[in-house]
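Here is how the chains run, residue by residue.
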Amino acid sequence: MLEIRHLVKHFGALVAVDDVSFAVARGEVLGFLGPSGAGKSTTMKMITGFVPPSSGTSVICGYDILRAPLAAKRCIGYLLEGAPAYPDMTPAAFLEFVAHIRGFRGREAKRRIGRIVETIHIADVMHQPIEILSKGYRRRVGVAQALLHDPPVVILDEPTDGLDPNQKYEMRRIIDEMRPNKAIVISTHLLEEVEAVCSRAIIIAHGRILADATPAELARRSRRHNAVRLAAAGISEARLRAELIRLPMVAAVEAAPDGEGVSVFPRDGQDIVADLADLARAHRWPVTLLRVEQGRLDEVFREITTAAAAPAAAAA
Amino acid sequence: MRAVATIFRRELAGYFATPLAYVFIVIFLVMAGMLTFFVGNFFGRGQADLEPFFAFHPWLYLVLIPALSMRLWAEERRSGTIELFLTLPIRTTEAVAGKFLAAWCFAGIALSLTFPFWITVNILGRPDNGVIAASYLASWLMAGAMLAVGACVSAVTKNQVIAFVVTAALVFLFTAAGAPAVLGALSGWAPQWLLDASVQMSFAGHFSAITRGVVDLRDVFYFVSVMVAFLFANAILIDLEKAE
Ligand SMILES: Nc1ncnc2c1ncn2[C@@H]1O[C@H](COP(=O)(O)OP(=O)(O)O)[C@@H](O)[C@H]1O
Ligand SMILES: [Mg+2]
C-alpha cells in the first residue's frame, strides 16, 4: 500500500536521505529506527509530500505523491514529530477544521470526530486551547487528526517520544488496534518500541538503510543471541571459565555485566544450554542461575549504526 | 473552493481568538481618528466630506497592514504547523487564497468600523456619499494589495519581525512611488517614462484617483492585478520553500 522508491534528499552538501527504498503492506507495522539525524523525519516528510525529494518518489495506494499529490495525501494519516497544532484552537475546533478539509461535513464530521475522540481518549480536553494541553494530550490530538479519515496508510513520526510509560503503553495499544487493515510506519529511536509493536524494522543511519528484518531476526544477529548466563554458589568465576571454555561448542566466556556468574557465548549461535546443564551436573555445581538470553536489539542497533558511522567519520 | 472556505473560516476565527485582533482594531480606529481630526483638521476645514480621513489611509496602512500580514505564513513556519497544513489534501493555491481572504476580510471589518465618521459627516452637512463609498472601496482595495505583498513576504521567513520590516519597506516603495515629493525629486533629470511608470505603479496614485469619486476600472484592475500577482508569487514561494 506504501511503496518508497529510491528516495534521495540533499540539503546543500549534506545527503540527509540516500537512496531509501522499501514497501509496506496492509497489516504491517514498520519500525523506522535510527539515531537522531539519521534521516527518519526527512524520509517521512518526503512520503507525505511536504519535502520535495531530490530524486525518487513514493507511491501511496497507487498514487504517486509527486504526480497526484492530492489523491495520495487523502490516503495518508500523518503525525508530525512533536505533533505541532494550532495553539490557540481547541481540539474540538481543530478536529472539525481537519474534518472539513478532508471533506466531511455536518453529521458525518461529528460522527468521525466522536469516534476518534473515544478511541484516543481526549474527550476531557476537547474544549481547552491546545497550547495548555500536556505533551501526552497534544500528541493524542495529533494522532486523532491523523486517523480521523481512517487512512489506509499511517505515518507516525516518534509517536511516543516524551511520553510517560502509561502514555506509551496507551499509544502502543492504539497502534496495535488499528494494525489489521492499515500499513503503518512509525519512526523511533526506542528499541523497546520496535519489540513491542513492530512486525518489521528498518535501521537507518546517515540516510542509508543498514538493515531490514523482523525484530526477532535482528535480535538473532546479536552476539548475545542464545548466550547462556550461568552462576553457581561457591564456585569462582575463574573456575567456571576454565571449565566452560573447554566445551567445543563454546566460543567465549565472559564475566557477566552485573557480576553474578558468567555469560557463555556459543559458536555460531547454536543452542548450548543442555550441554551446560550436563556439565554443571557432572561437576555437582550448586547452580543458582541458568538462563538463555534472547539477544539484545540495542546491541545490534549499536553495532550496526556505529559500524556505519566509522567510514563516514574517516572520510570527513 | 470548499477548502478555501474552510481555511478562510479558521483563519478569520484565529484573528479573534486572541486579544491581538481587538488591539489592532482599536489602534486602527484611534490612529485614523487622530490623523483625521488633528493632522487633517477635520473640523477646521468647514467641509462635510471624509477627504482628510481617507488621505491618511496609505500612510496608516504602511504600519498596520504589515502588522496584519506578518504572521500569515511566518507563524506557521515558526510553530511547525505549516507542515501539518500543507500535508492536508489541499492545493497550495487554496491555502494561499484562504489565508489572504481572511486577512483581507479582517481589514475590511476594521475599515467598516470607521462608519461613525461617515455618520458624523452626514450629521454635520451634506457630503457626497458616492465619493465616500468609492473611497471606502479604494481603501479596501489598497489594503488588499498591501496584504498580498505582505503575505508573499511572510511566506519566506519564520521571523515575523523580518516579515514586518520587509513588507513595510516594500509597501512604502509602492505607496511613495507616485507621491509629489518623489515625482519632484525625479522630475528634471529622470526620463518622462520613469515618472509615468512611477505614477502607474503607485498605490497612492491609484488610490487617490478613486477617492476623487470616479471608480475607473483601470484603477480597480491595477489593485486586483497586484493582488493576483503577489498571491501567485506567494503560492510559488510556498511550494519552493516549504521545507526550508
Ligand atoms: N530543512 C533542512 N535543512 C537542512 N538540513 C536539514 C533540514 N532538515 C533536516 N536536515 C538535516 O538532515 C539530517 C536528517 O534529519 P532528520 O530527518 O530530521 O533526522 P531524524 O528524524 O532521523 O532525527 C540531519 O542532519 C538534519 O540536520
Ligand atoms: Mg526526526
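About the thresholds
Residues numbered from 1 in each chain as written. Chains lettered and ligands numbered in written order. Predicted model: local features only at pLDDT ≥ 70, side-chain atom pairs only at ≥ 80, totals over all residues. Heavy atoms only, no water. Pairing = 2+ DSSP bridges. Helix = DSSP H or I, 4+ residues; strand = E, 2+ residues; numbered from the N terminus. Axes fitted to C-alpha atoms, helices over the stretch in contact; angles between N-to-C directions. Phe/Tyr/Trp six-rings, centres within 6.5 Å; stacked < 30°, edge-to-face > 60°. Buried < 20%, exposed > 50% of the residue type's maximum accessible area, 1.4 Å probe, protein only. Lys NZ or Arg CZ within 6 Å of the ring centre and 35° of its normal. Near = heavy atom within 4 Å. Polar contact = N/O pair within 3.5 Å; in protein donor to acceptor, adjacent residues only side chain to side chain. Areas by Shrake-Rupley, 256 points an atom, 1.4 Å probe, with all protein chains shown as cover. Nonpolar A, V, L, I, M, F, W, Y, C, P; charged D, E, K, R; others polar. Contact = heavy atoms within 4.5 Å. Disulfide = S-S within 2.5 Å. Buried area = accessible area lost by both parts, 1.4 Å probe. Salt bridge = Lys/Arg side-chain N within 4 Å of Asp/Glu carboxyl O. Core = buried A, V, L, I, M, F, W, Y, C linked by side-chain atoms within 4.5 Å. Donors = N, O, S within 2.8 Å, 3.2 Å for Na, K, Ca; no water. Domains from an automatic or database assignment. Lys, Arg positive; Asp, Glu negative; His and termini not counted.

## A short note on the sheet that holds strand 10 (residues 208-213) of chain A
Strand-to-strand pairing in sheets goes through backbone hydrogen bonds, with the strands running parallel or antiparallel. Residue and element names in this part refer to chain A. One open sheet holds the six strands; their spatial order is 6-7-8-3-9-10, and the pairing between them is mixed. Here the strands that pair on one side only, and so sit at the sheet edges, are strand 6 (76-79) and strand 10. Averaged over all pairs of adjacent strands, the angle between their axes in this sheet comes to 15°, without regard to strand direction. Examined bridge by bridge, strand 9 (residues 200-205) and strand 10 share five bridges and lie antiparallel to one another. Considered in strand 10, the bridge of Ile-204 is made with Ile-209.

## Some remarks on the packing of aromatic side chains
The tally for this structure, following the rule as stated, stands at 22 aromatic pairs over all chains. Taking 6.2 Å as the distance between ring centres and 15° as the angle between the ring planes, the aromatic pair formed by Phe-28 of chain B and Tyr-61 of chain B counts as stacked. Linking Phe-28 of chain B in helix 2 (residues 20-39) with Tyr-61 of chain B in helix 4 (residues 57-69), this pair joins segments that are 33 residues apart in sequence. Neither residue differs from the other here; Phe-28 of chain B and Tyr-61 of chain B are each classed as buried. The positively charged end of Arg-112 of chain A is found above the aromatic ring belonging to Phe-104 of chain A, 4.1 Å away from the centroid. When the ring centre of Tyr-15 of chain B is taken as reference, the NZ or CZ atom of Arg-71 of chain B above it lies at 6.0 Å.

## Quick word on the site of ligand 1
Contacts to ligand 1 come from 12 residues, most closely from Gly-37, Gly-39, Lys-40, Ser-41 and Thr-42 of chain A. Per-site note: the chains with residues close to ligand 1 are chains A and B. For ligand 1, an oxygen atom lies 2.7 Å from a polar atom in the backbone of Gly-37 of chain A. A distance of 2.8 Å is found between an oxygen atom of ligand 1 and a backbone nitrogen or oxygen belonging to Lys-40 of chain A. Here ligand 1, which alone exposes 560 Å², has 65% of that area covered by the protein. Those elements that place two or more of their residues in the shell around ligand 1 are strand 2 (14-24) and helix 1 (40-47) of chain A. When its residues are assigned to classes, the shell around ligand 1 shows six nonpolar, five polar and one charged.

## A short note on the sheet that holds strand 13 (residues 262-266) of chain A
All names here are of chain A. Taken together, the four strands give an open sheet; going across it, the order is 12-13-11-14, and neighbouring strands pair in antiparallel fashion. Because the sheet does not close on itself, it has two edges, and the strands there are strand 12 (250-255) and strand 14 (287-292). The average angle at which neighbouring strand axes cross in this sheet is 20°, direction not considered. Across three bridges, the pairing between strand 11 (residues 228-232) and strand 13 is antiparallel. Residue pairing for strand 13: Leu-230 is matched across the bridge by Val-262. Contacting strand 11, strand 12 and strand 13, helix 9 (residues 237-244) crosses the sheet at an angle of about 175° to strand 12. Here helix 10 (residues 273-283) sits on the sheet and contacts strand 11, strand 12, strand 13 and strand 14; the angle it forms with strand 14, its principal contact strand, is near 165°.

## Focus on the state of the cysteines
A full pass over the atoms with the stated rule returns zero disulfides over all chains. The structure places no disulfide on Cys-61 of chain A, whose sulfur is separated from the nearest cysteine sulfur, that of Cys-75 of chain A, by 3.8 Å.

## A look at the interface of chain A and chain B
Of the residues lining the interface, 24 residues belong to chain A; the matching set on chain B comes to 25 residues. Note on chain A versus chain B: buried area summed over both sides is about 2,500 Å², and carbon and sulfur give 66% of it. When the buried surface of chain A facing chain B is broken down by residue, Phe-50, Tyr-86 and Ile-101 of chain A rank first, second and third, together holding 29% of it. Scanning the region where chain A abuts chain B turns up one salt bridge. Summed over the shared surface of chain A and chain B, the result is five residue pairs in polar contact (both at pLDDT 80 or more). Elements with a contribution of two residues or more to the side of chain A that touches chain B: helix 2 (69-74) and helix 3 (91-101) of chain A.

## Overview of the nonpolar core
In terms of nonpolar packing, the biggest core is built from 146 residues, with Phe-94 of chain A together with Phe-203 and Phe-223 of chain B touching the most fellow members. At 13 residues, the largest contribution of residues to this core is made by helix 9 (residues 129-154) of chain B. Other than its neighbours up to four places away in sequence, Phe-94 of chain A contacts Ala-85, Tyr-86, Met-89, Ile-130, Val-141 and Gln-145 of chain A together with Leu-84 of chain B. Counting 17 residues, the second largest nonpolar core, distinct from the first, contains Ile-235, Leu-247, Leu-279 and Ala-280 of chain A.

## Considering the pairing of strand 2 of chain A
Residue and element names in this part refer to chain A. When strand 1 (residues 2-11) meets strand 2, the two strands line up antiparallel, connected through seven bridges. For Glu-3, the partnering residue across the bridge sits in strand 2 and is Ala-23. The hairpin formed by strand 1 and strand 2 contains two residues between the paired strands, and Gly-12 there has a positive phi angle of roughly 60°.

## Here's the deal with the coordination of the magnesium ion (ligand 2)
Six octahedral donors at a metal ideally form angles of 90 or 180 degrees, and four tetrahedral donors ideally form angles of 109.5 degrees. Residue and element names in this part refer to chain A. Distances from the magnesium ion (ligand 2) to its protein donors, namely Ser-41 (OG) and Glu-81 (OE), fall within the range 2.1 to 2.7 Å. Of this pair, Ser-41 sits in helix 1 while Glu-81 sits in the loop between strand 6 and helix 3, and the two are 40 residues apart along the sequence. Accessibility expressed as a relative area gives 42% for Glu-81, which makes it partly exposed.

## Let's talk about the domain arrangement of chain A
Reports often express the size of an interface as the amount of accessible area lost when the parts come together. Domain boundaries in chain A define domain 1 (2-219) and domain 2 (228-292). Just the C-alpha atoms count here: the centres of domain 1 of chain A and domain 2 of chain A sit 45 Å apart.

## Some points on the pattern of salt bridges
Under the definition given, this model contains 22 salt bridges over all chains. The residue Arg-179 of chain A makes a salt bridge to Asp-176 of chain A at a minimum N-O spacing of 2.5 Å. One salt-bridge network, in which partners are shared between bridges, spans Arg-10, Glu-11, Glu-76 and Lys-99 of chain B.

## A closer look at the side chain of Arg-140 of chain A
All names here are of chain A. Counting through the fold element by element, Arg-140 comes out in helix 5 (residues 135-147). An unpaired buried charge is present at Arg-140: no salt bridge exists, and Glu-170, the closest side chain of opposite charge, is 4.9 Å distant. There is a polar contact of 3.1 Å between the side chain of Arg-140 and the backbone oxygen of His-121. Apart from residues lying up to four places away in sequence, Arg-140 is in contact with Ile-120, His-121, Ile-122 and Gln-167.

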